[in-house]
Amino acid sequence: MSKNVLILPGDGIGPEIVAQAERVLAAVNEKFNLGIETTKGLIGGSAIDATGGPFPDETMVKAKAADAILLGAVGGPKWDSLDMAIRPEKGLLAIRSQLNLFANLRPAILYPQLADASSLKPELVSGLDLLIVRELTGGIYFGQPRGIRVNDAGEREGFNTYIYSETEIRRIAHQAFQAAQKRGKKLCSVDKANVLEATVLWREIMTEVGKEYPEVELSHMYVDNAAMQLVRAPKQFDVMVTGNMFGDILSDCAAMLTGSIGMLPSASLDQNGKGMYEPIHGSAPDITGKGIANPLATILSVSMMLRYSLNSAEAADCIEKAVGKVLDQGLRTADIVSDGCQQISTQAMGDAVLAAL
Ligand code: NAD
């Protein structure tokens, strides 16, 4: 049976990196006879330019029909002055929430070949392999009421609502415990239960769900300590689970431990394993059009897609091995280059991965 993948290149470097990932997807599709068919759609700034909104109905229809979605990145200075409600990033929040993609899996793996690219000492990060499970469709990014208003004293004030229901916490807890079961069986739940009531409930539910997974060792950590521990001794962690905002920040921090934001893929899954796959970085307007963006995070997003949504672990392994081989050859894009390595372009990195496949 054929499988349908929707490709949303987005803005900035999105189309450049997605083009390389598409070539890799086409190659494994043929090599492993996967029967994958692809369609394209608009999201973010490019959708605003073409249709007036960041998440057109046509994209939503295609996204609902797809088995999996590959996304580049959205946003850029061109759209920064638009009203918040129709900014490119709203398209991303909308697709995540409309498809109910509540579980964001963000691995932070340090390829041994890139130990020098990390800002931390190699001994602290060498062999790092941690997974951050971030709740993606709730919390303060979606909570109502929100806005900017004039208070009784006549002064403007901004406000947001940090809110999590028991159901939302419970389902992300199960995803995180199940992920930990398949890995090192250690789960650290990150909250701010000393200050925020919403996270007092978070901690309570995590503890309760934990009783169903006795083989997983559960610990709790305040987010400020977690940020500190991530840069002090990141290898103490196996799986971390946290809410939307804390996860946003901690996963970018974890990304830098690995040397480049350009190396890290992510998966956003619904209850049934349907998912959207994207690099964790943004549209990088500062390097757009220069042909120097690192396409590996997007290529590795294809591999996560094959593993989690398309049931093709063999093809996923093949892509990951090819990426390792290219790094072994000393080929690097500008963001991860170091002494003794050869700097190559986005397109040349795509060529190298294809050759290694
Ligand atoms: P960014 O991730 O786009 O860039 C941060 C830095 O990392 C930049 O110096 C950039 O050049 C570099 N970088 C990012 N990806 C790279 C790659 N593949 N190869 C080499 N270098 C890379 O974050 P930002 O600058 O804060 O945001 C730029 C735009 O992207 C904003 O409009 C923001 O809203 C948007 N954004 C989108 C997403 C998304 O689509 N998922 C995520 C974050 C930010």
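Heads up: the structure comes first, above all this text.
Below is a summary of the structure that appears in this document.

1. Some remarks on the packing of aromatic side chains
Under the criterion given, the structure shown has 4 aromatic pairs. Three or more aromatic residues joined by ring pairs make a cluster, and in this case those are Tyr162, Tyr164, Trp202 and Phe246. The ring of Phe159 carries Arg149 above its face, with NZ or CZ at 3.8 Å from the centroid. Over the ring of Phe102 we find Arg171, and its NZ or CZ is 4.2 Å from the ring centre.

2. Concerning the site of the ligand
In the vicinity of the ligand there are 20 residues, among which Val74, Glu89, Gly282, Ala284 and Asp286 approach most closely. Take Gly76: an N or O atom from its main chain is 3.1 Å from an oxygen atom of the ligand. Within the contact set of the ligand, an oxygen atom lies 3.1 Å away from a backbone nitrogen or oxygen of Ser283. When the residues that make up the shell around the ligand are grouped by side-chain class, the tally is 9 nonpolar, 7 polar and 4 charged.

3. Regarding empty space enclosed by the protein
As enumerated under the stated definition, the model contains 1 cavity of 30 Å³ or more in all. Size it by volume and the largest cavity reaches roughly 30 Å³. Considering the residues around the largest cavity, the lining is formed by Arg106, Pro107, Ala108, Ile132, Ser251, Ala254, Leu264 and Ile280. Among the elements that make up the lining of the largest cavity, the one with the highest residue count is strand 4 (residues 103-109) (3 residues). Here the lining of the largest cavity is composed, by residue class, of 6 nonpolar, 1 polar and 1 charged.

4. Regarding the environment of Leu8
With respect to the element layout, Leu8 can be found in strand 1 (residues 3-10). Each C-alpha atom, one on Leu8 and one on Lys121, is 37 Å from the other, the two residues being 113 residues apart in sequence. Beyond its immediate chain neighbours, meaning those up to four positions away, Leu8 contacts Gly41, Leu42, Ile43, Thr59, Ile69, Leu70, Leu71, Gly72 and Ile95.

5. A closer look at the packing of helix 1 (residues 14-31) against helix 10 (residues 296-308)
Remark: helix 1 packs on helix 10, axes separated minimally by 8 Å, with the N-to-C direction vectors making an angle of 40°. Looking at the two axes, helix 1 sits oblique to helix 10. Judged by the twist between their axes, the crossing of helix 1 over helix 10 is right-handed. Contact with helix 1, carried on its side by Ile17, Val18, Gln20, Ala21, Val24, Leu25 and Val28, involves Thr298, Ile299, Val302, Met305 and Leu306 of helix 10 and no other residues of that element. Looking at the contact of helix 1 with helix 10 residue by residue, the classes come out as 10 nonpolar, 2 polar and no charged.

Rules and cut-offs
In this numbering scheme, every chain counts its residues from 1 along its sequence in written order. In keeping with the model being predicted, local features are shown solely for residues with a pLDDT of at least 70 and side-chain atom pairs are shown and tallied solely at 80 or more, while totals for entire chains, interfaces and linings include all residues. Working from all heavy atoms in the structure, the side-chain values ignore hydrogens and water. Two aromatic rings from Phe, Tyr or Trp, using only the six-membered ring of Trp, form a pair when their centres are within 6.5 Å; if the ring planes differ by under 30 degrees the pair is stacked, by over 60 it is edge-to-face, and anything between is tilted. Distance and angle both matter: a charge sits over a ring if NZ of Lys or CZ of Arg is within 6 Å of the ring centre and within 35 degrees of the ring normal. To be near a molecule or strand, a residue needs just one of its heavy atoms within 4 Å of it. Distance and chemistry together define a polar contact, namely a pair of N or O atoms within 3.5 Å, with one atom able to donate a hydrogen and the other to accept it when in protein, and with adjacent residues in sequence counting only for side-chain atoms on both sides. Classification used: nonpolar for Ala, Val, Leu, Ile, Met, Phe, Trp, Tyr, Cys and Pro, charged for Asp, Glu, Lys and Arg, polar for all others including Gly. Using only the protein atoms, space was sampled on a 1 Å grid; points where a 1.4 Å probe fits but cannot get out form cavities, open sets with protein on both sides within 12 Å along at least five of seven lines form pockets, and lining residues are those with an atom within 4 Å of a point. Grid points are joined across faces, edges and corners, and a volume is the space filled by probe spheres set on the points. Only DSSP runs of H or I reaching four residues or more are called helices, and only runs of E reaching two or more are called strands; each is numbered from the N terminus. Throughout, a residue-residue contact means that at least one pair of heavy atoms, one from each residue, lies within 4.5 Å. To get an axis, fit a line to the C-alpha atoms, keeping to the stretch in contact for a helix; angles then go from 0 to 180 degrees between the N-to-C directions. Roughly parallel refers to an angle under 35 degrees, roughly antiparallel to one over 145, roughly perpendicular to one between 65 and 115, and oblique to any angle outside these ranges. Whether a crossing is left-handed or right-handed is set by the direction in which the near helix is turned from the far one by less than a right angle, anticlockwise for left-handed and clockwise for right-handed.

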